[in-house]
Amino acid sequence: MKSTRQLGVSFYDNRIQIAEVEQGKQPLVTVLAERESSLDMSSEGAHLSADNPKISSIVEELSGLLRQSKVNAGMISYALPTNPVFIHTFPVDPTLENEELQEYLSWELRQYFPGSGPKDFITDAHVIPSKDKDARRTFMVGVQRGIVAFLQKVSAGLKLKLQIIDIDHFSSEKTFKANYPELQKDVAVLLGIGGSGVDASVVKNHEMVGYRSYPDASASLGATIKNYLKHIKQQDDVQKVAGLYLHGSQVPSDSLASLKSETGVTAFSVNAFRKLAAASSVDKALVKESHRFAAAIGLALRAS
């Protein structure tokens, strides 16, 4: 079997992070790297377009990082922060299918963005497992076409084929699943901690069954997590959580023990190399902080 290499790019605060994964008999992380960027995707993403003047600077920043890191991938994928993206969970009539379902999703989107149409957003939706037979809980993501056009131009400037555009928290879910296979029959809470707030999801039997965002997490992290645990107990009938698994740019690794005392649940920073292997050339300091690269790694894994 011929191996291929996939490149994942994530944006945290004013930084770009990359991960390259070689897909062979076993996945191997061949590159981890990061640098400061002139683009803050969290605050600027909603205003990007195909003619944005920052395209050339991002191409220059990324091309330098790829060259310095000796990246060999021919395809590139991007993980976006949740701030510039529309994410919503709502009940849907189970009788709706195909065009009727798409029309309803477009209607739901217009409730938040009046006047928007199919040309403004690229949407995707998935049904969340639920005991409710009368309404399907549906999870929808909408990405503004301007962001997509911007990333298409960046990819073309790098002479790489654009493969996937995903959300950083959901890409990190792929990294979590790859490294914690023993939790396939348990319930875990995955938490993305960054400058844009807190993203939280329930992963039950290795499948996401709930998501909530706290973009203005003004309360302490412990209080925010307690709030979410209370929410999923009521909303998703989750009575026991095997652990809290944190990823992102601002994981408080030195205070995980205090989170347990606040929430009653053991907290871990996601170890992206618990089951995955890293090439000897990968920076050991970055390996130790692999929770910060969970999105980029998961994206490269997903792109296989």
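To be clear, the structure that these remarks concern was listed above.
(A) Structural view of the packing of aromatic side chains. According to the stated counting rule, one finds 14 aromatic pairs in the structure shown. Taken together, a centroid distance of 6.4 Å and an interplanar angle of 15 degrees make the contact between Phe11 and Tyr78 stacked. Here the residue Phe11 occupies a position in strand S1 (residues 4-12), and Tyr78 occupies one in strand S4 (residues 75-80), the gap between them amounting to 67 residues. Neither residue differs from the other here; Phe11 and Tyr78 are each classed as buried. A ring pair is formed by Phe139 and Tyr211, whose centres lie 5.7 Å apart and whose planes are at 80 degrees; its orientation type is edge-to-face. With Phe139 in strand S7 (residues 136-144) and Tyr211 in strand S11 (residues 207-214), the pair connects residues that are 72 residues apart, well separated along the chain. In this pair, the class of Phe139 matches that of Tyr211, namely buried.

(B) Representation of the environment of Glu173. In this structure, Glu173 sits in helix H5 (residues 168-179). Residue classification places Glu173 among the buried positions, given a relative accessible area of 7%. Remark: the alpha-carbon pair of Glu173 and Val270, spanning 97 residues in sequence, is separated by 9.9 Å. Among residues more than four places away in sequence, those in contact with Glu173 are Leu190, Val203, Glu207 and Met208.

(C) Expanded view of the sheet that holds strand S2 (residues 15-23). The strand order across the open sheet formed by 6 strands is S8-S4-S1-S2-S3-S14, and the pairing between neighbours is mixed. One side of each edge strand has no neighbouring strand; the edge strands of this open sheet are strand S8 (161-167) and strand S14 (277-278). Both strand S3 (residues 28-36) and S14 contribute to a ladder of 2 bridges, which runs parallel. Directly across from Leu28, in S14, lies its bridge partner Ala277. Relative to S4, helix H4 (residues 145-158) is tilted by about 145 degrees, and along the sheet it contacts S1, S4 and S8.

(D) Structural context of the sheet that holds strand S12 (residues 244-247). If you trace the 5 strands from one edge of the open sheet to the other, you get S11-S10-S9-S12-S13, paired in mixed fashion. Each edge of the open sheet carries a strand with a single partner, namely S11 and strand S13 (267-269). Along the sheet, successive strands turn relative to each other by an average axial angle of 25 degrees, direction set aside. Sheet topology places strand S9 (residues 187-194) next to S12; 4 bridges connect them, and they run parallel. Residue Val189 lies in a different strand from S12, and its bridge partner there is Leu244. In the packing of H5 onto the sheet, the strands contacted are S9, strand S10 (197-204), S11 and S12, and the crossing angle to S9 comes to about 135 degrees. Relative to S11, helix H6 (residues 221-235) is tilted by about 135 degrees, and along the sheet it contacts S9, S10, S11 and S12.

(E) Up close: the side chain of Thr82. Here Thr82 lies in the loop between S4 and strand S5 (86-92). Assessed through its relative accessible area of 9%, Thr82 is described here as buried. Discounting chain neighbours no more than four positions away, the residues touching Thr82 are Ile87, Ile167, Asp168, Asp199 and Tyr211.

(F) Seen up close, H6. Taking 1.5 Å per residue as the helical rise, H6 with its 15 residues ought to reach 21 Å, and the 21 Å between its terminal C-alpha atoms agrees with that figure. On its buried side, H6 packs onto S9, S10, S11, S12 and helix H7 (256-263). Positive phi appears at Asp237, one or two residues downstream of H6, with a value of about 55 degrees.

Criteria and thresholds
- For every chain, the first residue of the written sequence is number 1, and numbering continues from 1 onward in sequence order.
- With the structure being a predicted model, the display of local features is reserved for residues of pLDDT at least 70 and the display and counting of side-chain atom pairs for 80 or more, all residues being used for whole-chain, interface and lining totals.
- By convention in this description, side-chain values take in all heavy atoms of the structure and omit both hydrogens and water.
- Pairs were defined over the aromatic rings of Phe, Tyr and Trp, the Trp ring being its six-membered one, requiring ring centres within 6.5 Å. Orientation was assigned from the angle between planes: stacked under 30 degrees, edge-to-face over 60, tilted for the rest.
- Think of it this way: any DSSP run of H or I at least four residues long counts as a helix, any run of E at least two long counts as a strand, and we number them from the N terminus.
- For every residue, the accessible area (1.4 Å probe, protein chains only) is compared with the maximum for its type, and the residue is labelled buried under 20%, exposed over 50%, or partly exposed between those bounds.
- Contacts between residues were defined by any pair of non-hydrogen atoms, one from each residue, lying within 4.5 Å.
- The pairing criterion for strands is at least two bridges between them, as found by DSSP.
- In this description, a line fitted to the C-alpha atoms serves as the axis of each element, helices being fitted only across the stretch in contact, and the angle between N-to-C directions of two axes falls anywhere from 0 to 180 degrees.
- The length a helix should cover is 1.5 Å for every residue beyond the first.

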